[in-house]
Amino acid sequence: MNNRCATINKILPFSCVDGPGNRLVLFLQGCNLWCQNCHNPYTMRLCDDCGDCVVTCPHGALSFSDDGKVVWAKEYCQQCDTCLQTCTKNASPMTLHYSVDTVLAIIRHYVAFLNGITISGGEATLQLPFISALFSAIKQSTDLCHLTCFIDSNGYLSETGWHKVLPYADGMMIDLKAWRPQRALILTGRDNQRVIDSIRLLATANKLYEVRLLYIPEHTDYLAHIDELSAFLITLPDTVRIKINAFQTHGVTGDASHWPTAEKIDVEHFAQLLRERGVNNLHLPSVYL
């Protein structure tokens, strides 16, 4: 038995956009960045059991346990998101606490239709011991070992942390949210040197599947430093996908909810500038909404 547990925001049984093939995706709760443009801000923090959401839930799906913890009754929940709108801490009471064995059982339920597993967030690597235990168990299971194990990360894990999970992981998808550290600090609350270091480390280890660039008109600095950015990207293996995402305001709160969205013409112009500088294996959005 493996009782290592994780706090999970959501499990998506089937996804074709979170790595190669059809994948089961676990979205873990909690993040170590504070991105202004986050599309899922309620995944940023863990619930501190303050209880503000308990009194506002219109369906009686939230209550207190005997030890003062907020308890979510999924069977009563109507997914109205009143609790998310009430919470001032960017958390959610609608989380699951699953052990490795429980997640393995869920994977086995869908395994006939799956090519792999992706752990996302929030920021997945904040619960690294769970990821390592889960991926290790998958690789040791005769009925699951054919599944590829991927992590979708903001890249802020330390080198030591990456080395703990590299033996069990098949690929990483990393967000490079800005080029210069000053712009990253504005957008995410932290500079991005560790992110760039992570990309280099994973590329060297042949575990880097994709680098993601989120284009936000007037806010990302990719175009202002296109030569430096391109010079960095062309050092990566040709197999690494460079995926350009177009910023939209769905789910975004605060000032960023009024930022201009990225249109197809914006993304194609950015992609063309990268191509002219030798960046290949580009993947653009198929839909702009």
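The name given to the protein in an unreviewed UniProt entry is YjjW family glycine radical enzyme activase, with Yersinia intermedia as the source organism. Its UniProt record, at the heading Cofactor (unreviewed entry), says of the protein: "[4Fe-4S] cluster". Under the UniProt heading Sequence similarities (unreviewed entry), the entry covering the protein gives this text: "Belongs to the organic radical-activating enzymes family."

Participant: How should helix α9 (residues 264-276) be read in this particular structure?
Facilitator: Turn by turn, an α-helix covers 3.6 residues, leaving residues three or four places apart pointing in a common direction. Taking 1.5 Å per residue as the helical rise, α9 with its 13 residues ought to reach 18 Å, and the 18 Å between its terminal C-alpha atoms agrees with that figure. Among all positions of α9, only V267, F270, A271, L273 and L274 are buried. On an axial view of α9, the arc spanned by its buried residues comes to 160 degrees, and they lie on one face. Facing away from the buried side of α9 by more than 90 degrees, the exposed set consists of I265 and E276. Packed against the buried residues of α9 are β9 (208-215), α8 (226-233), β10 (241-246) and β11 (282-283). Trailing α9 by a residue or two, G278 shows a phi angle of about 95 degrees, which is positive.

Participant: Whenever I open this one, the environment of D227 confuses me. Can you help?
Facilitator: For D227, the position within the fold is in helix α8. Sequence spacing of D227 and L273 is 46 residues, and the spatial spacing of their C-alpha atoms is 9.0 Å. Polar side-chain contacts of D227 include one of 2.6 Å to the side chain of R277.

Participant: Would you take a moment to explain the sheet that holds β11 for this structure?
Facilitator: Pairing between the strands of a sheet is mediated by backbone hydrogen bonds and can be parallel or antiparallel. Read from one edge to the other, the open sheet built from nine strands follows the order β5-β1-β2-β6-β7-β8-β9-β10-β11, with strand pairing classed as mixed. Each end of this open sheet is capped by a strand with a single partner; those strands are β5 (96-99) and β11. Sheet analysis places strand β7 (residues 148-153) next to strand β8 (residues 171-175), joined by four bridges and oriented parallel. What sits directly across from I151, in β8, is M172. Running over the sheet, helix α3 (residues 100-110) touches β1 (5-15), β2 (23-28), β5 and β6 (116-120) and is turned about 90 degrees from β5. Of the strands in this sheet, β9, β10 and β11 are in contact with α9, which crosses β10 at around 155 degrees.

Participant: Honestly, unusual backbone geometry in this entry has me stumped. Any pointers?
Facilitator: In most cases, non-glycine residues show a negative phi, while peptide bonds are predominantly trans. Cis geometry marks the peptide bond from G121 to G122, where omega comes out at 15 degrees. In this model, Q79 sits at a positive phi of 55 degrees, which is unusual for a non-glycine residue. As for its position among the elements, Q79 is in the loop between β4 (70-72) and α2 (82-86).

Participant: Explain the pairing of β7 to me, please; I cannot follow it from the model alone.
Facilitator: For a regular strand, side chains alternate in direction, first toward one face of the sheet and then toward the other. Buried residues dominate β7, accounting for five of its six residues. As paired elements, β6 and β7 share four bridges and run parallel to each other. Bridge pairing links I117 to C149 in β7. Each parallel crossover has a hand, and for β6 linked through helix α4 (residues 128-140) to β7 it is right-handed.

Conventions adopted
Residue numbers here run from 1 along each chain, matching the order of that chain's written sequence. Totals for whole chains, interfaces and linings use all residues, but because this is a predicted model, local features are given only for residues with pLDDT of at least 70 and pairs of side-chain atoms are given and counted only at 80 or more. No hydrogens and no water enter the side-chain calculation; it runs on all heavy atoms of the structure. UniProt positions are given in the numbering used here, feature names are shortened, and annotations may be inferred rather than shown by experiment. Secondary structure follows DSSP: runs of H or I at least 4 residues long count as helices, runs of E at least 2 residues long count as strands, and numbering of each begins at the N terminus. Expected span, for any helix, means 1.5 Å times one less than how many residues it has. Buried means the residue's accessible area, taken with a 1.4 Å probe over protein chains only, is under 20% of the maximum for its type, while exposed means over 50%, and partly exposed covers the values in between. As used here, the arc belongs to the directions running from the helix axis to the C-beta atoms. In what follows, a contact means two residues having at least one pair of non-hydrogen atoms within 4.5 Å. A 3.5 Å cut-off defines polar contacts: any pair of N or O atoms within that distance qualifies, except that in protein one atom must be a possible hydrogen donor and the other a possible acceptor, and neighbouring residues in sequence count only when both atoms are side-chain atoms. In this analysis, strands are considered paired if DSSP registers two or more bridges between them. Whenever a helix is involved, its axis is fitted only over the stretch in contact; in every case the axis is a line through C-alpha atoms, and angles between N-to-C directions fall within 0 to 180 degrees. A crossover gets the label right-handed when its path from the first strand over the helix to the second runs clockwise, viewed with the strands pointing away from the viewer.

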